[in-house]
Amino acid sequence: TLEAGALATYTSAREAVIDLADPAGRLRIIAGEDARRIAYIDYGPARGRPLLILHAGTTGRTLPVRFTALLQQAGWRPIVPQRPGYGLTDRTRGDYLTTAADDMARLLDHLKVRQAHILARDLATAVTFTFAARHADRVAGVMLLNPRAPSSVSRTDSSLLGSISRMLMQHPEVITAFAEMLRRHTRTDFIRAMLRRALQETDADRRLVEDSATLEFLARDAQALAARSSTGFADEHKSYANDWKGPGNAGGRRWLVVRSTGLALKDDRPLYSHLPGLSEAVIEDAGLMAYYSHPEATAALLDVLATV
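Since this is a predicted model, take the numbers as computed values, not measurements.

### Points about unusual backbone geometry
Link 1 in the chain: A cis amide bond links Gly44 with the next residue in sequence, Pro45, at an omega value of 0°.
Link 2 in the chain: When you line up the elements, Pro45 lands in the loop between strand 2 (37-42) and strand 3 (49-54).
Link 3 in the chain: One non-glycine residue with positive phi stands out, namely Lys112, at about 60°.
Link 4 in the chain: Positionally, Lys112 belongs in the loop between helix 4 (96-110) and strand 5 (116-121).
Link 5 in the chain: The backbone of Asp122 shows a phi angle near 45°, a positive value even though the residue is not glycine.
Link 6 in the chain: Tracing the backbone through its elements, the reader meets Asp122 in the loop between strand 5 and helix 5 (125-134).
Link 7 in the chain: Classification of Asp122 by relative accessible area gives buried; the value is 16%.

And the structure:
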């Protein structure tokens, strides 16, 4: 597999330079603190504006081809870091949010990038704020896409994912066992069934999983994100349940909070009111998977973010 090949060629891969845009992306692994491995996928081109795209808890390790092409055509260089305990990135030996944020800074150092824009989905919200507080000078601008609020702001929707989220936040003692249960059930048929059930809240998401090619893409994406370990999913959810209380100080010239109109809204606006250059936008009729179902609208909002 691609993952096995990346591990086998770790030494040479970590020094590779991407010169051309690659719609499929290239998996790379670099050394982090304490000999930890940090994995990322770089879609290029090397001269594009760096854009760190932070995956959600179960999908987002790889980007859909249409969205990637739109970003590259607009001059972006999409880069997807794998957070601690996800994919091929080793789990943290200390505080999860701190390690994940410092991994991002380490990656930018490796790529010789001073600042980057960030697109963060859902569960990546807490890591994004930790990075923006610890490494404020590395942040150009941030787009939060359907951001996940701290546990103090509960989800009220009745969807499968909403119910699971409430259960984990109310009972953090079961998070590790639940995460490992999910990881052990990574048969393709099980993953497909779970995706179909989870993505029923909106018409846009439902249409995605009704398409066999998209469903297969998402299933393989989810499998790769949890192939080695369930610790990323578990540690990140624990940070919401036990530690993270909301955004503090943040760097960046502009923050854009984007919500899909098809999702149940949460009363979390006060959490973001202090962010520099804050603005809000919506993607009409989108759901959880906005840059899959509405790639043009998502890419257009990123261009707005970068014009300031």
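### Some remarks on the side chain of Glu236
Link 1 in the chain: As for its position among the elements, Glu236 is in helix 11 (residues 231-243).
Link 2 in the chain: A polar contact of 2.9 Å, which involves the side chain of Glu236, links it to the side chain of Arg83.
Link 3 in the chain: Side chain to side chain, Glu236 and Tyr86 meet in a polar contact 2.8 Å long.
Link 4 in the chain: Contacts of Glu236, omitting those with residues within four sequence positions, involve Arg83, Tyr86, Tyr96, Leu123, Ala124, Val127 and Thr231.

### A look at the pairing of strand 4 (residues 76-81)
Link 1 in the chain: For strand 4, the tally of buried residues reaches 6 of 6 residues, placing the bulk of the element in the interior.
Link 2 in the chain: Alignment of strand 2 against strand 4, held across 3 bridges, turns out to be antiparallel. Opposite Ile41, over in strand 4, you have Val80 as the bridge partner.
Link 3 in the chain: Bridge count for strand 3 against strand 4 is 4 bridges, and the pairing is parallel. Paired with Leu51 across the bridge in strand 4 is Pro78.
Link 4 in the chain: Between strand 3 and its parallel partner strand 4, the chain crosses via helix 3 (residues 65-73), and the hand of that crossover is right-handed.

### Here's the deal with the sheet that holds strand 3
Link 1 in the chain: What the 8 strands build is an open sheet, ordered 1-2-4-3-5-6-7-8; its pairing is mixed. Looking at the sheet topology across the chains shown, the edges are occupied by strand 1 (26-31) and strand 8 (279-283). Neighbour-to-neighbour, the strand axes of the sheet open up by a mean angle of 25°, direction not taken into account.
Link 2 in the chain: Against the sheet, helix 5 engages strand 3, strand 5, strand 6 (139-145) and strand 7 (254-260), with an angle of about 165° to strand 6.

Rules used in this analysis
- Throughout, a residue's number is its position along its own chain's written sequence, starting from 1.
- Local features in this predicted model are restricted to residues of pLDDT 70 or higher, and side-chain atom pairs are both shown and tallied only at a pLDDT of 80 or more, whereas totals for entire chains, interfaces and linings draw on every residue.
- Side-chain descriptors were evaluated using all non-hydrogen atoms of the structure, hydrogens and water having been removed beforehand.
- Strands are runs of DSSP state E lasting at least 2 residues, helices are runs of H or I lasting at least 4, and numbering of each runs from the N terminus.
- Buried, partly exposed and exposed residues are distinguished by accessible area as a fraction of the type maximum, computed with a 1.4 Å probe on protein chains only: under 20%, between the cut-offs, and over 50%, respectively.
- Pairs of N or O atoms are called polar contacts if they sit within 3.5 Å, as long as, within protein, a hydrogen donor faces a hydrogen acceptor (for residues adjacent in sequence, only side-chain-to-side-chain pairs).
- Contacts were defined at the residue level, with two residues in contact if any of their heavy atoms lie within 4.5 Å.
- DSSP calls a pair of strands paired once it identifies at least 2 bridges connecting them.
- Handedness of a crossover is defined as follows: with both strands directed away from the viewer, a clockwise route from the first strand across the helix to the second makes it right-handed.
- Axis geometry follows a simple rule: fit a line to the C-alpha atoms, using only the stretch in contact for helices, then measure angles between N-to-C directions, giving values from 0 to 180 degrees.

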